[in-house]
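Chain by chain, the residues run as shown.
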Amino acid sequence: MKPTLFLLAAGMGSRYGGLKQLDGLGPNGETIMDYSIYDAIQAGFGRLVWVIRRDFEEQFREQILKKYEGLVPCELCFQALDALPEGFSVPEGRVKPWGTNHAVMMGESVINEPFCVINCDDFYGRDAFMKIGKFLSDLPEGSTNKYAMVGFRCCNTLSENGSVARGVCEYDDNHHLVEVVERTEVMRVDGKICYKDGDEWVAVDDNVPVSMNMWGFTPDYFDYSNTYFKEFLSDPKNMENLKAEFFIPLMVSKLVKEGTSTVEVLDTTSKWFGVTYAADREATVERIQKLVDEGVYPNKLF
């Protein structure tokens with residue numbers, strides 16, 4: 001069974017004052033998401049599933065789904081604030097979504113095969129999709145507890161226009177993830193890649209692997225998520241903090257630390273880019289055009 005590409009799109013529009021993920025950056029108005037889907041199909045993925053908010057379903061179907069229907073099977077699922085386990089309710093005043101792993105949980109009813117989770121507004125590159133596609137396709141049928149994460153080389157993920165947030169990873173001799181720590185300010189300082197720790201800048205190797213939220217899971221991951229989400233919600237501090245979020249690295253770290261699952265860190269030569277800052281847009285358009293000129297992508301994708 002071909003793996004599924006699971007695209008996290010429930011945050012579309014909420015953080016950017018508009019659907020930044022629909023910004024046409026390619027020569028024929030292609031979005032970053034278009035390039036991810038093109039690469040995924042080349043890498044052997046057989047289905048697309050998006051998790052979105054119900055309130056822009058009509059717009060999403062019109063602007064996005066129409067483009068791919070007939071090309072590859074497509075499906076939608078929906079993230080809502082009140083999609084909670086029985087016995088739990090949304091705290092008064094809570095408006096913020098429950099985070100990326102809660103979004104992933106919404107796919108349980110429609111995904112029954114190995115799947116790769118990605119953001120819609122990150123350009124991951126062909127090599128990254130080939131690596132994760134091969135890992136998922138090579139899993140034995142019914143495989144459980146063997147997951148993967150594409151580890152981008154930190155030097156390939158920076159913005160020239162400011163600091164970025166990156167999950168800095170550590171792995172063992174088997175390339176299995178040991179720890180992923182979210183660093184909210186990563187940038188070059190005096191020529192070295194550093195992250196901010198309190199008031200100090202801490203240097204790291206240019207090639208240290210970082211998470212760009214590109215994960216490979218099997219459906220058993222949903223069961224773990226359902227169980228741990230109840231623990232998360234049962235912690236008073238997570239209910240009192242109206243901005244607390246159930247992130248993918250939180251779930252993954254628990255499974256790794258308790259020895260339940262392994263997460264293979266897949267090295268990629270792909271160079272990430274995106275539109276973290278408004279000033280990134282021009283450079284992103286130029287980089288995509290260069291890839292088209294080099295023949296990596298056709299002038300018109302779909």
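Structure's up top.
First, a word on scope: everything that follows refers to the structure included in this document.

The rules behind these values
- Residues numbered from 1 in each chain as written.
- Predicted model: local features only at pLDDT ≥ 70, side-chain atom pairs only at ≥ 80, totals over all residues.
- Heavy atoms only, no water.
- Salt bridge = Lys/Arg side-chain N within 4 Å of Asp/Glu carboxyl O.
- Buried < 20%, exposed > 50% of the residue type's maximum accessible area, 1.4 Å probe, protein only.
- Core = buried A, V, L, I, M, F, W, Y, C linked by side-chain atoms within 4.5 Å.
- Contact = heavy atoms within 4.5 Å.
- 1 Å grid on protein atoms, 1.4 Å probe; cavity = no way out; pocket = protein on both sides within 12 Å on 5 of 7 lines; lining within 4 Å.
- Points joined across faces, edges and corners; volume = space filled by probe spheres on them.
- Helix = DSSP H or I, 4+ residues; strand = E, 2+ residues; numbered from the N terminus.
- Nonpolar A, V, L, I, M, F, W, Y, C, P; charged D, E, K, R; others polar.
- Axes fitted to C-alpha atoms, helices over the stretch in contact; angles between N-to-C directions.
- Parallel < 35°, antiparallel > 145°, perpendicular 65-115°, else oblique.
- Left-handed = near helix turned anticlockwise from the far one by under 90°.

## Remarks on the pattern of salt bridges
The tally for this structure, following the rule as stated, stands at 16 salt bridges. The residue Glu294 makes a salt bridge to Lys290 at a minimum N-O spacing of 2.5 Å. On the basis of relative accessible area, Glu294 is assigned to the partly exposed category, the value being 47%. Connected through salt bridges with shared partners, the residues Arg47, Glu75 and Glu113 form a single ionic network.

## Details of the nonpolar core
In this structure, Leu5, Trp50 and Met214 are the most contacted members of the largest nonpolar core, which totals 45 residues. The contacts of Met214, once residues within four sequence positions are left out, are Cys116, Val117, Ile118, Tyr124, Ala128, Phe129, Ile132, Ala148, Met149, Val150 and Phe152.

## A short note on the layout of surface pockets
Here the second largest pocket defines a volume of roughly 400 Å³. Every element with two or more residues in the lining of the second largest pocket is listed here: β8 (177–189), β13 (273–274) and α8 (280–293). By residue number, the principal contributor to the lining of the second largest pocket is α8, which donates four residues. Taken together, the residues that form the lining of the second largest pocket break down as seven nonpolar, seven polar and five charged.

## Thoughts on the packing of helix α1 (residues 32–42) against helix α2 (residues 57–68)
How two helices sit against one another is set out by the angle between their axes and by the gap between those axes. Where α1 contacts α2, the axes come no closer than 12 Å and their chain directions differ by 25 degrees. Looking at the two axes, α1 sits roughly parallel to α2. Where α1 crosses over α2, the handedness of that crossing is right-handed. Here Met33, Asp34 and Ile37 of α1 come into contact with α2, specifically with Ile64, Lys67 and Tyr68.

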